[in-house]
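# Results of the structural survey
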Amino acid sequence: MEDEEDPAATKNSSNNTDDDDDFDIEPREGIEFESEDAAKMFYDDYSRRIGFVMRIMSCRRSEKDGKILARRFGCNKEGHCVSIRGKFGSVRKPRPSTREGCKAMIHVKYDRSGKWVITKFVKEHNHPLVVSPREARQTLDEKDKRIQELTIELRNKKRLCAAYREQLDAFARIVEEHSDQIAKKVEKVVNNLKEFEPIDRELLRSSQDAV
């Protein structure tokens, strides 16, 4: 099927994966990711570090079920601005364009192994790259904040699991106690029935003798 533009034309996400070391490497063909989002976050962080804004670009979908099979992530200065004609045919005054025809991008593809793999990487930009100290510091702060949030969330999950485990153990003990009580009652009924067996046999003989 034809490649289609993503509705979110330009995006510079602040999300991060758990493994921050992966973000310190440069993209290259063959790098694998667990999902399309992981690849997007990887290239987004790379764009922040070297000084450009990531753009979510075209994708290729399956003709069978519409599932995304490949995606391009590039620079927000990719392409060129197209003039827009007004209602009566005159050209409107163009706004300042950020498009400079930059070719920098990565292409990721869904592999049979279930991973997303970089199949193409264009490194060079045709415009200056700018990383402000504030932006770099903000990125680090965001990572630290995200790590702290995940740590707190993990701690809360562990506490919740421990509480559930205690409840489950208590329920298991209750079930075990009830099982023991039921077993004792069943044993008592069986013993009572055994006590009545001789009486039943005696009554049966007596009725046979009477006949």
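Here's a quick rundown of the structure. (Residues numbered from 1 in each chain as written. Predicted model: local features only at pLDDT ≥ 70, side-chain atom pairs only at ≥ 80, totals over all residues. Heavy atoms only, no water.)

### Comments concerning helix H1 (residues 36-50)
The cut-off we apply is this: Strands here mean DSSP runs of E at least two residues long; helices mean DSSP runs of H or I at least four residues long; both are numbered from the N terminus. Expected helix span is given by 1.5 Å per residue-to-residue step, counting one fewer step than there are residues. The cut-offs for exposure are 20% and 50% of the maximum accessible area for each residue type, with area from a 1.4 Å probe on protein chains only; residues under the lower value are buried, those over the upper are exposed, and the others partly exposed.
Along its 15 residues, H1 runs 21 Å from first to last C-alpha, staying within 8% of the 21 Å computed at 1.5 Å per residue. The buried fraction of H1 amounts to 12 of the 15 residues, a majority that puts the element mostly inside the structure. Regarding H1, the residues found buried are Glu36, Ala38, Ala39, Lys40, Met41, Phe42, Tyr43, Asp44, Asp45, Tyr46, Ser47 and Arg48. After H1 finishes, the residue Gly51 shows a positive phi value of roughly 105°.

### Side note on the pairing of strand S4 (residues 105-110)
Cut-off, in case you're wondering: Each pair of strands is called paired provided DSSP finds at least two bridges between the two strands.
Both strand S3 (residues 68-75) and S4 contribute to a ladder of 5 bridges, which runs antiparallel. Each bridged residue has a counterpart across the sheet, and for Gly74 the counterpart in S4 is Met105. Sheet topology note: the S4/strand S5 (residues 116-122) ladder contains 6 bridges and is antiparallel. Within S5, the position partnered with Met105 by the bridge is Val122. Between S4 and S5, which pair antiparallel in sequence order, lie 5 residues; one of them, Gly114, sits at a positive phi of approximately 95°.

### Focus on the pattern of salt bridges
Let me state the cut-off plainly: By salt bridge we mean one thing: a side-chain nitrogen of Lys or Arg within 4 Å of a carboxyl oxygen of Asp or Glu.
With the rule as written, the count across this model stands at 5 salt bridges. With a shortest N-O distance of 2.9 Å, Arg71 and Glu36 are connected by a salt bridge. With Arg71 in strand S3 and Glu36 in helix H1, the pair connects residues that are 35 residues apart, well separated along the chain. Side by side, Arg71 and Glu36 carry an identical accessibility label, which is buried. The salt bridge partner of Asp45 is Arg49, with a shortest N-O separation of 3.2 Å. On the criterion of helical spacing, the pair formed by Asp45 and Arg49 is a turn pair, its members being 4 residues apart in helix H1. Accessibility expressed as a relative area gives 3% for Asp45, which makes it buried.

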